[in-house]
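Read off the chains here:
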Amino acid sequence: MKFVHLHTHSHYSLLDGLSKVKDMVKLAKDNGMTALALTDHGAMYGAIDFYTTCKKNGIKPIIGVEVYVANRSRHQKEARVDNKRYHLTLLAKDNTGYQNLIKLTTAAHLEGYYYKPRVDKDLLRNHSEGIIALSGCPASELGRAIRSEDMEKAEAIIKEHQSIFGVENYYLEIMHHPDVEFFDDWKKSLIEFSRKLNIPLVATQDSHYLKKEDAQAHKVLVAISTQTDVAETKIFAGNGEYHFISPEEAAERFADIPEAIENTSKIAERCNVELTLGKFIFPDFPLESGKTADDKLRELAYEGIPARDLVGRSDVIERLEYELGIIKLKQYA
């Protein structure tokens, strides 16, 4: 029974993760791991670095992201209301899933940014294909419902996520971080929901740094992010361990629910993203009969003039003709 890390943060989780990708992959290899996931906060900056580094070291890369889910719509940005958000762990099952993760994180930054890049339920529904969802850490929507002891709401959240991603693509994510205030109740509730609703548990480690002794350096990083003194930093303020655990540590932490470890390997087997790198892939624009690419480009350029309220602007027309001429010269140079 092999443990696969499915919830890890690298230094691409800006001012939150301390682990360098190359060091994380090396540590995974040193521990005999054959697969590894990257789930940085709200972004996929490290995806290609992670993918290529894993491939070079004979480790299967699992590309993911820990998204921020808006309290309401991603378009709503009301003070003291929409600064509340939830965590959700998403993994690309295939190339379609990878593309959907890119669409989600792009929209999160361009449309949903409010303190953090946020998605919402509508975005998740529209881009759920090819994605495996883990219910998330204690800061997830499910975790918050359990903390408030609203089990009816918690069950509704579970069923909603199942409807979004598909029953077979949704797992209850369980961690071992006893420093979290309501950890015991959270863990107990997840196990009960797993048995009641027949949903598989999956063990994860919310890894933000590589070794136990890196904890203090990580607290300094978080203090910089939150603009607080290290001694006053509330996030990761307890004695919890958020390092990159070994398979032996995982077996010890989840000894009471070994199936949760087994499911990490099952999920890893289901995730198969293959990227084509180092090769130009250009879009194919079909042309009407008798038109050249230059003709089509000119047509589209002039169509945009009324839309941008630039009719009658001779300087704009002159500049446009100049740019189109430069493009043509470069094309045939």
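Everything numeric here is computed off the predicted structure, so don't read it as measured data.

A.B. asks: What is the right way to look at the pairing of strand β3 (residues 85-92) in this model?
C.D. replies: Working note: regular strand, side chains alternate between the two faces of the sheet. Burial within β3 is extensive, with 8 of its 8 residues counted as buried. Side chains of β3 alternate between two faces, with R85, H87, T89 and L91 and Y86, L88, L90 and A92 buried alike. Sheet topology note: the strand β2 (residues 60-70)/β3 ladder contains 7 bridges and is antiparallel. Along β3, the bridge assignment pairs V69 with Y86. As judged from the 4 bridges shared by β3 and strand β5 (residues 131-134), these two strands associate in the antiparallel manner. Looking at the pairing, L91 lines up with I132 of β5.

A.B. asks: Would you mind going over the layout of surface pockets with me for this structure?
C.D. replies: Over the atoms rolls a probe the size of a water molecule, and in doing so it shows where empty space is left. Within this model, the largest pocket holds a volume of roughly 1,100 Å³. Lining the largest pocket we find 39 residues, and of these D16, H41, H87, I235 and F236 sit closest to its centre. Counting only elements with at least two residues in the lining of the largest pocket, the list comes to β2, β3, α5 (141-147) and α8 (215-226). Per-class residue counts for the lining of the largest pocket are 19 nonpolar, 10 polar and 10 charged.

A.B. asks: Help me understand the nonpolar core in this model?
C.D. replies: Within soluble globular proteins, side chains that are nonpolar tend to cluster in buried spots. L90, L124, L142 and L172 are the most contacted members of the largest nonpolar core, which has 71 residues in total. Those residues within four positions of L142 in sequence are excluded, and the remaining contacts are S135, A154, I157, I158, Y170, L172 and L190. Judged by nonpolar contacts, the second largest core, of 13 residues, contains V4, A35, Y171 and I267.

Thresholds applied
- Residues numbered from 1 in each chain as written.
- Predicted model: local features only at pLDDT ≥ 70, side-chain atom pairs only at ≥ 80, totals over all residues.
- Heavy atoms only, no water.
- Buried < 20%, exposed > 50% of the residue type's maximum accessible area, 1.4 Å probe, protein only.
- Helix = DSSP H or I, 4+ residues; strand = E, 2+ residues; numbered from the N terminus.
- Pairing = 2+ DSSP bridges.
- 1 Å grid on protein atoms, 1.4 Å probe; cavity = no way out; pocket = protein on both sides within 12 Å on 5 of 7 lines; lining within 4 Å.
- Points joined across faces, edges and corners; volume = space filled by probe spheres on them.
- Nonpolar A, V, L, I, M, F, W, Y, C, P; charged D, E, K, R; others polar.
- Core = buried A, V, L, I, M, F, W, Y, C linked by side-chain atoms within 4.5 Å.
- Contact = heavy atoms within 4.5 Å.

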